[in-house]
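# Secondary and tertiary structure notes
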Amino acid sequence: METDRKRIKEKKGVQHVISAQLPINEEQRLAALERYHLLDTMPESSLDDFTMLAAHICQTPIALISLVDAHRQWFKSKVGITAPETPRDIAFCAHAILEKEIFEIPDALEDSRFADNPLVTKDPKIRFYAGAPLQTPEGQAIGTLCVIDRLPRTLTPEQQTALQALARQVINQMEFRKHIASRIKKENFFHSIIEAAPSGMLMIDHQGSIILANRLLTQQFGYGQEELLEQPIEVLVPGRFRDQHPAHRTSFFQTPTPRQMGSGRDLYGLRKDGSEFPVEIGLNPVTTDEGTFVLASVIDITARKRQAEQQKRLSNRLLLATQSANIGIWEWNITQNELTWDSQMHALYGLPPDSKQVPYATWANALHGEDREAAEDALQKALRGERDFNTEFRVIWPDKSVHFIKGSALVDRNSKGEAIRMIGVNWDITKERNAEEVLQIHLNELQRSNQELEDFASIASHDLQEPLRKIQAFGDRLKGKWAETLGPQGLDYLERMQNAAGRMQTLITDLLSFSRVTSKANPFVQVDLAKVANEVVSDLEVRITQVGGKVEVDDLPIIEAEPTQMRQLFQNLIGNAMKFHKKDEPPLVKIQSHYVNGQNSIASQNRWISLTVSDNGIGFDEKYVKKIFSIFQRLHSHSEYEGTGVGLAICQKIVTRHKGEITAKSTLGKGTSFIITLPTVQGKDKKLA
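Residues numbered from 1 in each chain as written. Predicted model: local features only at pLDDT ≥ 70, side-chain atom pairs only at ≥ 80, totals over all residues. Heavy atoms only, no water.

## Observations concerning the packing of aromatic side chains
For any two aromatic rings, the description comes down to two numbers: the centre-to-centre distance and the angle of the planes. This is how it is decided: Each Phe, Tyr or Trp ring, with Trp reduced to its six-membered ring, pairs with another whose centre is within 6.5 Å; inter-plane angles below 30 degrees give stacked pairs, above 60 give edge-to-face pairs, and intermediate values give tilted ones. Only DSSP runs of H or I with at least four residues qualify as helices, and only runs of E with at least two residues qualify as strands; both kinds are numbered from the N terminus onward. Relative accessibility thresholds used throughout: buried, under 20% of the residue-type maximum; exposed, over 50%; partly exposed, between the two (1.4 Å probe, protein chains only).
In the structure shown here, the tally under the stated rule is ten aromatic pairs. Note on F103 and F114: the rings are 6.4 Å apart at their centroids and 65° apart in plane angle, and the pair reads as edge-to-face. With F103 in strand β4 (residues 103–105) and F114 in the loop between β4 and α5 (118–121), this pair connects stretches of sequence that are eleven residues apart. Of the residues examined, F103 reaches a relative accessible area of 8% and is grouped as buried. The class for F114 is buried, based on a relative accessible area of 1%. For the pair W332 and Y360, a centre-to-centre distance of 5.5 Å together with 35° between the ring planes defines the contact as tilted.

## Digging into the environment of R259
This is how it is decided: In this description, contact between two residues means that some pair of their heavy atoms is separated by no more than 4.5 Å.
Here R259 lies in strand β9 (residues 259–261). Along the primary structure R259 and L283 are separated by 24 residues, whereas in three dimensions their C-alpha atoms are 5.3 Å apart. Excluding anything up to four places from it in sequence, R259 contacts F252, I281, G282 and L283.

## So, the nonpolar core
Applied cut-off: Joining through side-chain atoms within 4.5 Å is the link that ties buried Ala, Val, Leu, Ile, Met, Phe, Trp, Tyr and Cys residues into a set, and such a set is a nonpolar core.
The biggest cluster of nonpolar side chains holds 40 residues, and the ones touching the most others in it are L529, M566, F570 and I591. Elements with a contribution of two residues or more to this core: α16 (529–539), β21 (558–561), α18 (563–579), β22 (588–595), β23 (608–615), α19 (647–657), β24 (661–666) and β25 (672–679). The dominant element in this core, judged by the number of residues it contributes, is α18, at seven residues. If we skip the residues at most four places from it in the chain, M566 touches V527, L529, V532, A561, I654, H658 and L678. With 29 residues, the next largest nonpolar core counts A132, L145, L166 and V170 among its residues.

## Digging into empty space enclosed by the protein
Space left empty within the atom packing is revealed by a probe, the size of a water molecule, rolled over the atoms. The line we're drawing: Every definition here rests on a 1 Å grid over the protein atoms only: cavities are sets of points where a 1.4 Å probe fits but cannot get out, pockets are open sets enclosed by protein on both sides within 12 Å along at least five of seven lines, and lining residues have some atom within 4 Å of a point. Grid points are joined across faces, edges and corners, and a volume is the space filled by probe spheres set on the points. Each residue receives one of three labels: charged for Asp, Glu, Lys and Arg, nonpolar for Ala, Val, Leu, Ile, Met, Phe, Trp, Tyr, Cys and Pro, and polar for the others, Gly being one of them.
Evaluated as defined, the whole model comprises two cavities of 30 Å³ or more. Its boundaries defined by the atoms lining it, the largest cavity holds a volume of some 130 Å³. Forming the walls of the largest cavity are W330, W332, L339, W341, M345, Y349, Y360, W363, L379, F389, F393 and N426. A class-by-class count of the residues in the lining of the largest cavity yields eleven nonpolar, one polar and no charged.

Spelled out as structure tokens, the structure:
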């Protein structure tokens, strides 16, 4: 290939990478891509099947589902490569999205746009490329389904047809995924509102089948929560009322308006065990694209029937429950411009519970001036269907106090897609916001304190180590000049003094290393653990040779980590094995890894790995497994084995900083295995110490 590229340069002159032009609808295209919520998500088998099938049909070693973002192309699914993304300015797919049909490059080295492209001259050394644009139903090309080969070639007409068909199916799968995710989110939110209601709630369809019942209602009627689903509503109606009930239901669907059922007469519900209890029922029509449903609230009024005092106590209990939950429920009938608040909504806004019907201006005027525009804008966007209503804002009570409110709501629409109703909840988050401010103050104070400690440690380390160095230096002079004068006993005392000073200096150094795991931490980057481990083995070569040891390093993955700390981790564990080895057996260290779910592939996209560093040394009793990771904890005396008892504490601190865990398994006299579990990706806070 290198000869071919040289020949082309001699023929055409040195070329430069030619980046694709931006589509004329780039802003709309990026917005369409964002709506799928696919970027930087985990692999999905439903999409991986398409890349495997494309590679098989087109007989190529590489196939990708590539999403072209503003500055990169990111691979949602891939076969044959491990890289998660490449820059957009060198991406073949950036050219492919400009086309309506397949974009095919038979030989990249013969194409002036790509001959010098690093994807061609370096890994993965592309020679052949064919990409079918992923066109959304609105006509936006958000990426490609592409196949790649390291040899020049062309697709057959049948392969081209198949690749285009697969691309259409990829978009269909993405559309299905987006639709399901949106629907689940809305349904879950609606269900959460129903579950939060202070009364039994159920919903029925036009045929009278129960399609939703909250926990409180099933408890009232003595059923399990799933038992009532798809049952006719008549199973909850006493026999003496059952024959007339279908006619009442039909009448309601003919004129579906909110109403109290059974005005002027007593209503009863029928429990599963056959017993009856008095109820109060409120009906509300809920109109969706799937038709009109009835949302009914059912209140057990047994206590009200018994005596007025019990009614009052029950009312107080319900009020207390609502106040404890601190949740207010509201409903806005948009067509009639009627805003309904429950009593807790009034309490959340510092208003007396005088009327459930409140004007829109009551809410708007209560908003803090700095939040009014954003809150009303969020409401209007929800009505237009641009986003869900899920926001925070401040309200000013009549007493001028400021309170933080969290608001969420769902919009009901008619068959034309017009917003006709909003139902939502509010709750007070003032305490949480105040707590966050207090927490931030404490965090700032902690950072200041940590900085002072770091400054102190730096000064103290210098001031402490300087006299120790003098002790050792003057001790060496005493040995060199007055060894005969000191005599054997004096030399022994001097040797002990220097050894103590050396141990003290090592201890100070180890303590500084321990403190700097977080205070001097660097950002996380991609780290090849195998490379780091082998470099540590090379650094320790003299020590390993002295004890006749051996270190075996298996294939290890690439993870997000801090290189220096990974080096320190391996160095401490390997160094321990060289130190705590048997007198009659050369030390042997093995470093192995596997993914937590058992997939032992270096190219795997699994998020957690397990590293094992095992040796054949002296081992220890496992009852001390927690003790060995504590600072200054030693299982042997200084006379037996050197060290300060800080090394394993540093290892634990490094692993903890990387959001992992470390433990050990050991048998006395039979060696030790240190097991380290680490995430392969550190997440959004990977630059934090």
